[in-house]
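In case you want the letters, here they are:
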Amino acid sequence: MDGSEEPSEVNYDGNGCGSGYSRGGSTKEEKEEAKTISLRQWLDRPRRRVNLLECLPIFRQVVEAVSLAHSRGLVVGNVRPSWFAISSFNRVSFIAPTSCSTSVPNELGGGDPSNEMLVMESDCYTSPEEANGGSTTLASDVYRLGVILFELFCTFESLDEKLASMSDLRHRVLPPELLLKWPREASFCLWLLHPQPDTRPKMCELLQSGFLDQPRDNLGEHEEAVKVRREIEDQELLLEFLLQSQQRKQEIADKLCKSVAVLSADIDEILHQQSILRQRRGLPLEVIKNDYSAIARLDQALQYPRMNEDSSCYSSKKHSRTEAQSFNLEEQKSNLAGGPRLESHLQIHENVLSKSSRLMKNFKKLEVAYFSAREKSMEQIDNPTRSDSLVTNNGIASVIRTARSSVDDIISRESYNTRRQNRWMNPFLDGLCKYLSFSKLKVRASLKQGDMLSFSNLVCSLSFDRDKELFATAGVNKKIKIFECEMILNEDRDIHYPVVEMSNKSKLSCICWNNYMKSQIASSDFEGVVQVWDITRNQAFVEMREHERRVWSVDFSTADPTKLASGSHDGAVKLWNINQAGSIGTIKTKAHVCSVQFHPDSASSLAIGSADHNIYCYDLRNFGMPCTTLVGHTRTVSFIKYLDSSTIVSASTDNSLKQWDLSSCQTSVIDNPVQTFTGHTNIKNFVGLSISDGYIATGSETNEVFIYHKAFPMPVLSYKFDVTDPMSGQEVDDPLQFVSSVCWRGQSSTLLAANSSGSIKLLEMV
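Residues numbered from 1 in each chain as written. Predicted model: local features only at pLDDT ≥ 70, side-chain atom pairs only at ≥ 80, totals over all residues. Heavy atoms only, no water.

### Here's the deal with the overall build of the protein
Assigned secondary structure in the protein consists of 18 helices and 36 strands. Of all 766 residues assigned to the protein, the portion counted as buried reaches 45%. For the protein, the proportion of contacts with a sequence separation of at least 24, taken over those separated by at least 6, is 56%. A total accessible area of about 40,200 Å² is found for the protein, and carbon and sulfur atoms account for 51% of it. (Helix = DSSP H or I, 4+ residues; strand = E, 2+ residues; numbered from the N terminus. Buried < 20%, exposed > 50% of the residue type's maximum accessible area, 1.4 Å probe, protein only. Contact = heavy atoms within 4.5 Å. Areas by Shrake-Rupley, 256 points an atom, 1.4 Å probe, with all protein chains shown as cover.)

Structure representation (structure tokens):
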């Protein structure tokens, strides 16, 4: 073998026979054996440590492979690390050449050695006689074995350090670390690297020297130790996974236990309040006890199945739940037979059952809202600076206590705990009751105007008058139409005519009724004109032309009916007094202004919804810059409304409404809304926003009206406008139509809604 042939893998066994190198064993050990790299890569591993029981067996396997070739009278030639493969169990095999090639084999995994290392191999593994132009002999292979032995027992911090040491090796200069730590191996290495070929040992002398025999007995133990170490490493991975999983599940279990404890405390509190209510109404004590026992049995029926129960057991649980409910009703009938309290008690039970199905539809979201409300309330109540703290500052008084003071303290603590529960429970209960108070939106009346398939009838704005007797509509048809509400509700007609109709020169974007002067209504249009109309004379009596582009929003102050605000596409907010010519103030912003809203109790506070995704609150006595900025929306803020004096609700084209608490503001920026309402679709158009008694109405680009309640993030009710094909008369789904405006009739349950085709409906929550 002179190195002029192409390589192929051969594993030399003890019988001198080459066997194909296995790559796809079925056992784990065989698969590990298939993971091979070159000896060059093995030697150049970062931070490799020299282990006698590891390095010497590797060297012996290399010597045996070369000895096998020499016994057949063959010169190997390529006795260098790049031509040997080593398995994960340190089994070495020679990649035997079969045709003319001196290139390095590239069939092994783990990446090829660097070109610099291959050049080093070519130089440093050349024997002195070959370097002087002599032929390759058996002694040349022995010289190369000495270089391999040197590399096995020497490690280097860098490539430059290794190249320098390999260069010194040609002159038989060994590193001091090798001479001190491995003197026997260093001496043997110098013997193999002798410059005179005849002085180097023969292969038979090598094998009989005893140098290779010393750790042979430990090779089996070493291989077994390698296997055990790898198995332990594999198990360590599994153990780490299991420990991490256990930790996470334990955290979940701890949170679950805490949640169950919270629920149990709240259940006890509600049962306690129920008993107080029944006692106040004069119900007998035995009835209360029966109620408690019935609740206990019902609670058992509602329990989830234990972990060792199968699905059939769970089915029987559900069946027993119905039986328990039926049994409870019969028991209550027998206890209250013939009495008027029976009807009241049964009515309560039936109401609970009728609402439970709707409650379960949004159970997860309600559950999240419950824990969120409780946590926020507890954080506020547990503030250490609270005024109702029971801790005394007098150290003597805290030690010397009379029996009377102890009793008073216990009573105070019980009273405090009751207040502590009620401060979060009562608002949540109120929200839950209102959430479940209505089951649907019922159409009370419909108005049809113009061509139903034409977008020239798009209704942009709706508004009720001061007494909620009249409502006005306005839109791209350039008309303000006034309708009498009761007349429309009481008359069953397909077509309703307005009691007043006023025409404008441009498309109308917004209208707002004066809450003090019933005959006055303000409007804004696409030409940037703001007007105030007198509906008794069917004409505008004030016209204001200071905006440079279309005006999106106009709003009368409820605190001062002579003040008016308008927001425009030109980025300006104009303040007006209807009794004065020209604006009385201007707020310049950097983005389009889409909505303006006066504070309900003050004419000097104004909120602005902007196309830069933010809401700005201004003090009009000093409007150089906003006093509060609300940050959280990701797209244009299209509408803003005050829910109460300290709460704002905003609508945006990011498919959401957000509720903001101004009273919690510690800085000039609020970036954490109290609630985010989602469920409707709004990414392109203005779909309206209106608020009444905690209920929030908005439109949707799915041609639907959505109703939310301030306490919960999901819709309470929804209603979809029907679209009829004029040719077939059948209902169709038109993706281009959307609900464009909504307006509550004061604090009632009646909602006025209109869509992009001009269809107007009076809806009622029932």
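### As for the sheet that holds strand β29 (residues 695-699)
Within the open sheet, the four strands sit side by side as β28-β29-β30-β31. Their pairing is antiparallel. Of all the strands in the sheet, the pair left with one neighbour each is β28 (689-692) and β31 (715-720). On average, each strand axis in the sheet is tilted by 20° relative to the strand beside it, whichever way the strands run. Pairing of β29 with strand β30 (residues 704-709) involves five bridges; the strand directions are antiparallel. Across the sheet, Thr698 pairs through a bridge with Phe706, a residue of β30. (Pairing = 2+ DSSP bridges. Axes fitted to C-alpha atoms, helices over the stretch in contact; angles between N-to-C directions.)

### Describing the packing of aromatic side chains
In this structure the tally under the stated criterion is 17 aromatic pairs. Seen in terms of ring centroids, Phe84 and Phe94 are 4.9 Å apart; in terms of plane orientation they differ by 55°. Their pairing is tilted. Of this pair, Phe84 sits in strand β4 (residues 84-86) while Phe94 is found in strand β5 (residues 92-100), placing the two residues ten residues apart along the sequence. Just as Phe84 is buried, Phe94 falls in that class too. Between Phe677 and Tyr708, the aromatic rings sit 5.5 Å apart at their centres with planes inclined by 55°, giving tilted as the arrangement. Within this pair, whereas Phe677 is found in strand β27 (residues 675-677), its partner Tyr708 is found in strand β30, the two being separated by 31 residues in sequence. (Phe/Tyr/Trp six-rings, centres within 6.5 Å; stacked < 30°, edge-to-face > 60°.)

### Side note on a positive patch on the surface
On the surface, Lys478, Lys507, Arg549 and Arg550 cluster together to form a positively charged patch. Position of Arg549 relative to the elements: it lies in the loop between β14 (539-544) and β15 (551-556). (Patch = residues over 30% accessible without salt bridge, like charges linked within 9 Å, V, L, I, M, F, W, Y side chains within 5 Å. Salt bridge = Lys/Arg side-chain N within 4 Å of Asp/Glu carboxyl O. Lys, Arg positive; Asp, Glu negative; His and termini not counted. Charge placed at Lys NZ, Arg CZ, Asp CG, Glu CD.)

### Quick word on the pairing of strand β24 (residues 647-652)
With six of six residues buried, β24 lies mostly within the body of the structure. By the alternation rule, side chains of β24 split into Thr647, Val649 and Ala651 and Ile648, Ser650 and Ser652, which are all buried. Inspection of the sheet shows strand β23 (residues 637-644) paired to β24 by six bridges, in the antiparallel sense. Counted as the bridge partner of Lys641 is Val649 from β24. What sits between the antiparallel neighbours β23 and β24 is a turn of two residues. Inspection of the sheet shows β24 paired to strand β25 (residues 656-661) by six bridges, in the antiparallel sense. The residue of β25 that forms the bridge with Ile648 is Trp660.

### Considerations on a nonpolar patch on the surface
A cluster of nonpolar side chains, contributed by Leu238, Phe241 and Leu242, occupies part of the molecular surface with about 320 Å² of accessible area. In this structure, Leu238 sits in helix α11 (residues 216-280). What makes Leu238 partly exposed here is its relative accessible area of 49%.

### What about the packing of helix α6 (residues 138-152) against helix α7 (residues 159-169)?
One can describe the packing of α6 onto α7 by two numbers: an axis separation of 12 Å at closest approach and a directional angle of 145°. Judged by the sense of rotation from one axis to the other, the crossing of α6 with α7 is right-handed. Facing Val147, Phe150 and Glu151 of α6, the residues of α7 in contact are Lys162, Ser165, Met166 and Leu169. Its residues assigned to classes, the contact of α6 with α7 comprises four nonpolar, one polar and two charged. (Left-handed = near helix turned anticlockwise from the far one by under 90°. Nonpolar A, V, L, I, M, F, W, Y, C, P; charged D, E, K, R; others polar.)

### Digging into the state of the cysteines
Among covalent bonds in proteins, the disulfide is the one between the sulfur atoms of two cysteines. Summed over all chains, the structure comprises zero disulfides. The thiol of Cys189 is unpaired, and the distance to the nearest cysteine sulfur, on Cys154, comes to 7.8 Å. Cys512 provides the cysteine sulfur closest to Cys510, a residue in no disulfide bond, and the two sulfurs are 6.7 Å apart. Given a relative accessible area of 11%, Cys510 falls into the buried group. (Disulfide = S-S within 2.5 Å.)

### Considering the nonpolar core
Phe59, Leu145 and Leu152 are the most contacted members of the largest nonpolar core, which has 47 residues in total. Examining the composition of this core, we find that nine residues originate from one element, helix α3 (residues 52-71), more than from any other. Setting aside its immediate chain neighbours within four residues, Leu152 contacts Trp42, Leu43, Arg48, Val50, Cys55, Ile58 and Phe59. Counting 27 residues, the second largest nonpolar core, distinct from the first, contains Leu441, Met714, Leu717 and Ala753. (Core = buried A, V, L, I, M, F, W, Y, C linked by side-chain atoms within 4.5 Å.)

### A look at the sheet that holds strand β11 (residues 508-513)
Taken together, the four strands give an open sheet; going across it, the order is β11-β12-β13-β14, and neighbouring strands pair in antiparallel fashion. A strand with exactly one partner marks an edge of an open sheet, and here the two such strands are β11 and β14. Each strand axis lies, on average, 25° off the axis of its neighbour in the sheet, ignoring direction.

### Details of the pattern of salt bridges
Inspection of the entire model under this criterion finds 23 salt bridges. The salt bridge involving Glu130 is made with Arg144; its shortest N-O contact spans 2.7 Å. Taken as a pair, Glu130 in helix α5 (residues 128-131) and Arg144 in helix α6 lie far apart in primary sequence, 14 residues in all. Looking at Glu130, the relative accessible area reads 17%, which means it is buried. Since its relative accessible area comes to 4%, Arg144 is described here as buried.

### Quick look at unusual backbone geometry
Phi is positive for Lys478, close to 65°, though the residue is something other than glycine. Within the secondary structure, Lys478 sits in the loop between β8 (470-475) and β9 (479-484). With a relative accessible area of 35%, Lys478 lands in the partly exposed category.

### A look at α7
Residues spaced three or four apart along an α-helix face the same direction, because each turn holds 3.6 residues. Along α7, the residues that are buried comprise Lys162, Ser165, Met166 and Leu169. For α7, the buried positions fall inside an angular range of 100° around the axis, keeping them on one side. Summarising the contacts, the buried residues of α7 are in contact with α2 (39-43), α4 (115-124) and α6. (Arc of directions from axis to C-beta.)

### Description of the confidence of the model for the protein
Per-residue pLDDT for the protein averages 79, and the proportion of residues at 70 or more is 74%. Note that residues 97-104 has pLDDT below 50 and, in this model, 29 contacts with residues that lie over four places away or in other chains. Taken as a whole, residues 384-407 scores under 50 in pLDDT and shows nine contacts with residues more than four places along the chain or in a different chain. (pLDDT = per-residue confidence, 0-100.)

### Here we look at α6
Given a rise of 1.5 Å per residue, 15 residues ought to cover 21 Å, and the 22 Å separating the end C-alpha atoms of α6 matches this to within 8%. The element α6 is extensively covered by neighbouring structure, given that 14 of its 15 residues are classed as buried. (Expected span 1.5 Å × (residues − 1).)

### A closer look at the environment of Arg200
Secondary-structure assignment places Arg200 in the loop between α9 (183-192) and α10 (203-208). Given a relative accessible area of 2%, Arg200 falls into the buried group. Linking Arg200 and Leu190, residues ten residues apart in sequence, is a C-alpha distance of 9.4 Å. In contact with Arg200, not counting residues within four places along its chain, are Ser127, Pro128, Glu129, Ala139, Ser140, Val142, Tyr143, Trp191, Leu192, His194 and Pro195. Within the local environment of Arg200, its side chain forms a polar contact with the backbone oxygen of His194, the two atoms lying 2.7 Å apart. (Polar contact = N/O pair within 3.5 Å; in protein donor to acceptor, adjacent residues only side chain to side chain.)

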